[in-house]
Amino acid sequence: MFITTAKKDDIEKIKQLWIQIFGDSVQFADFAANLCTPDGIYLVKENDEIAAMVVAGVELFAYNKKGFYIYGLATVPQYRGKGYAKQLVECVCQQKFNEGYTFCVTQPAEESLFEFYKNLGFDTTTYLRKGTVEIKRNLWATADFDTATASRFKDMRSRFSEDEVVHFSPKGYEKFAEYIYSEGGSTAETKNAYCLYFVKKDRIVVRDLFANSTQHAVILLQAIRERTGKDVADIQLSQNSSLFLGEGTLYPHCVVKNLNKELYANLMFD
């Protein structure tokens with residue numbers, strides 16, 4: 001057994017493993033595997049076969065610090081029970097911190113994995129406030145739609161957000177924009193509010209919502225209703241968001257290592 005970074009020849013195998021283990025679409029596997037260069041994907045190999053993998057090549061920025069996001073941690077079924085996932089995470093964190101990164105973030109795929117990461121030194125858990133709201137009609141509500149480009153996503157989010165909001169590198173935002181639009185996502189923007197949303201059957205799903213006030217957020221949602229005809233929205237907000245759109249319920253979202261502060265990282269990874 002040895003730990004190495006991926007080579008170009010490994011990428012197709014990694015995509016197939018992603019589909020097999022996580023059950024995601026071919027399109028998402030392609031996006032996830034190509035979000036960074038191959039040397040950002042760490043592998044455990046046994047007998048020259050991939051036994052476990054994790055992606056750790058995505059740069060993050062918060063509180064004027066540079067961190068990294070890990071995702072896609074998985075062990076091939078026949079190699080489970082050997083501690084490979086634990087060894088991968090420990091190896092990646094040690095190497096990245098030696099390279100000058102100061103914190104690590106990941107979103108556990110299952111509730112049981114929060115304890116797994118806690119045992120690996122991830123000592124901060126961040127939360128999302130999730131709720132459902134009915135949107136009243138307002139014929140006068142207007143917004144600009146689908147105005148966000150890769151170069152503008154950071155600017156749009158930064159305009160209303162605080163230090164706790166995680167940002168990506170320019171390449172990260174470029175990949176994010178490509179994937180969001182390919183999956184049917186839309187952006188809505190006024191001078192006082194911004195959001196990213198999807199239309200899902202009878203409702204809209206708001207993944208990223210920032211505004212100067214609750215009223216400005218409501219007006220933006222009303223503009224989306226006028227455009228889509230959907231009058232129900234599932235909304236996810238930072239635990240510390242000042243917007244009040246119902247009580248909602250707190251859910252653990254991400255775990256953080258080496259940064260004992262609240263983070264809002266709710267974008268393409270969950």
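This text gives an overview of the structure that appears in the document. Just so you know, these numbers come straight off a predicted model, no measurement behind them. (Residues numbered from 1 in each chain as written. Predicted model: local features only at pLDDT ≥ 70, side-chain atom pairs only at ≥ 80, totals over all residues. Heavy atoms only, no water.)

1. Some words on the packing of aromatic side chains
Each aromatic ring pair is characterised by the separation of its centres together with the angle its planes make.
Part 1: Under the criterion given, the structure shown has 15 aromatic pairs.
Part 2: A centroid spacing of 6.4 Å and a plane angle of 75° characterise the contact between Y173 and F176, whose relative ring orientation is edge-to-face. Of this pair, Y173 and F176 both sit in helix α6 (residues 170–182), 3 residues apart, which is roughly one turn of the helix. Accessibility assignment for this pair places Y173 and F176 in one class, buried.
Part 3: Cluster of aromatic residues (ring-pair linked, three or more members): W18, F22, F28, Y69, Y71 and Y179.
Part 4: Positioned above the aromatic ring of Y251 is the side chain of K130, whose terminal nitrogen or guanidinium carbon lies 5.0 Å from the ring centre.
Part 5: Over the aromatic face of Y63 sits the side chain of K261, whose NZ or CZ is 4.5 Å from the ring centroid. (Phe/Tyr/Trp six-rings, centres within 6.5 Å; stacked < 30°, edge-to-face > 60°. Helix = DSSP H or I, 4+ residues; strand = E, 2+ residues; numbered from the N terminus. Buried < 20%, exposed > 50% of the residue type's maximum accessible area, 1.4 Å probe, protein only. Lys NZ or Arg CZ within 6 Å of the ring centre and 35° of its normal.)

2. Concerning the nonpolar core
Part 1: Counting 71 residues, the largest nonpolar core has I14, I70, F122 and L263 as the members making the most contacts within it.
Part 2: At 10 residues, the largest contribution of residues to this core is made by strand β3 (residues 49–62).
Part 3: If sequence neighbours within four positions are ignored, L263 has contacts with A62, Y63, F103, V105, T126, E164, V166 and V256.
Part 4: Listed in part, the 22 residues of the second largest apolar core include A143, A188, L237 and L245. (Core = buried A, V, L, I, M, F, W, Y, C linked by side-chain atoms within 4.5 Å. Contact = heavy atoms within 4.5 Å.)

3. Concerning the packing of helix α5 (residues 150–158) against α6
Part 1: Direction vectors running N to C along α5 and α6 enclose 95°, while the axes themselves pass 7 Å from each other. The orientation of α5 with respect to α6, classified from their angle, is roughly perpendicular. Contact residues: α5 offers A150, F153, K154 and R157, while α6 offers Y173, E174, F176, A177 and Y181.
Part 2: Grouping the constituent residues of the contact of α5 with α6 by class yields 6 nonpolar, no polar and 3 charged. (Axes fitted to C-alpha atoms, helices over the stretch in contact; angles between N-to-C directions. Parallel < 35°, antiparallel > 145°, perpendicular 65-115°, else oblique. Nonpolar A, V, L, I, M, F, W, Y, C, P; charged D, E, K, R; others polar.)

4. A word on the environment of Q107
Part 1: Mapping Q107 onto the fold places it in the loop between β5 (103–106) and α4 (113–118).
Part 2: For the pair Q107 and F2, spaced 105 residues apart in sequence, the C-alpha separation works out to 25 Å.

5. Points about the packing of helix α1 (residues 11–22) against helix α2 (residues 26–33)
Part 1: It is at 9 Å that the axes of α1 and α2 come closest, and there the two elements cross at 130°. The angle between α1 and α2 places the two elements in the oblique class. For the crossing formed where α1 meets α2, the hand is right-handed. Here I14, K15, W18 and I19 of α1 come into contact with α2, specifically with V26, F28, A29, D30, A32 and A33.
Part 2: Its residues placed into classes, the contact of α1 with α2 shows 8 nonpolar, no polar and 2 charged. (Left-handed = near helix turned anticlockwise from the far one by under 90°.)

6. Overview of helix α7 (residues 214–228)
Part 1: End to end, α7 covers 21 Å across 15 residues, agreeing with the expected 21 Å (1.5 Å per residue, within 8%).
Part 2: Listed as buried for α7 are A217, L220, L221, Q222, A223, I224 and R225.
Part 3: Summarising the contacts, the buried residues of α7 are in contact with β6 (124–134), β7 (144–145), β9 (186–190), β10 (193–200), β11 (203–211) and β12 (232–238).
Part 4: Just beyond α7, the residue with positive phi is G229, at close to 80°. (Expected span 1.5 Å × (residues − 1).)

7. Digging into the side chain of T124
Part 1: Looking at the secondary structure, you find T124 in strand β6.
Part 2: Among the polar contacts made by the side chain of T124, one reaches the main-chain carbonyl oxygen of L259 at a distance of 3.5 Å.
Part 3: In this structure the side chain of T124 is engaged in a polar contact, spanning 3.3 Å, whose partner is the side chain of N260.
Part 4: Among residues more than four places away in sequence, those in contact with T124 are C254, V255, V256, L259, N260 and K261. (Polar contact = N/O pair within 3.5 Å; in protein donor to acceptor, adjacent residues only side chain to side chain.)

8. Overview of the pattern of salt bridges
Once the charged atoms of two side chains with opposite charge are near each other, the side chains can pair.
Part 1: Here the structure, examined in full by the defined rule, presents 12 salt bridges.
Part 2: With its nearest N and O atoms 3.1 Å apart, the salt bridge here joins R137 to E226. Placement of R137 in the loop between β6 and β7 and of E226 in helix α7 is noted, with a sequence separation of 89 residues between them.
Part 3: Note on E226: relative accessible area 26%, which makes it partly exposed.
Part 4: One salt bridge in this structure joins R159 and E189, with 2.6 Å as the shortest N-O distance. (Salt bridge = Lys/Arg side-chain N within 4 Å of Asp/Glu carboxyl O.)

9. Some thoughts on unusual backbone geometry
Part 1: Backbone geometry places N64, a non-glycine residue, at a positive phi of 60°.
Part 2: Here N64 lies in the loop between β3 and β4 (65–75).
Part 3: At K201, a position not held by glycine, the phi torsion is positive, near 55°.
Part 4: With respect to the element layout, K201 can be found in the loop between β10 and β11.
Part 5: K201 gets classed as exposed once you look at its relative accessible area, which sits at 77%.

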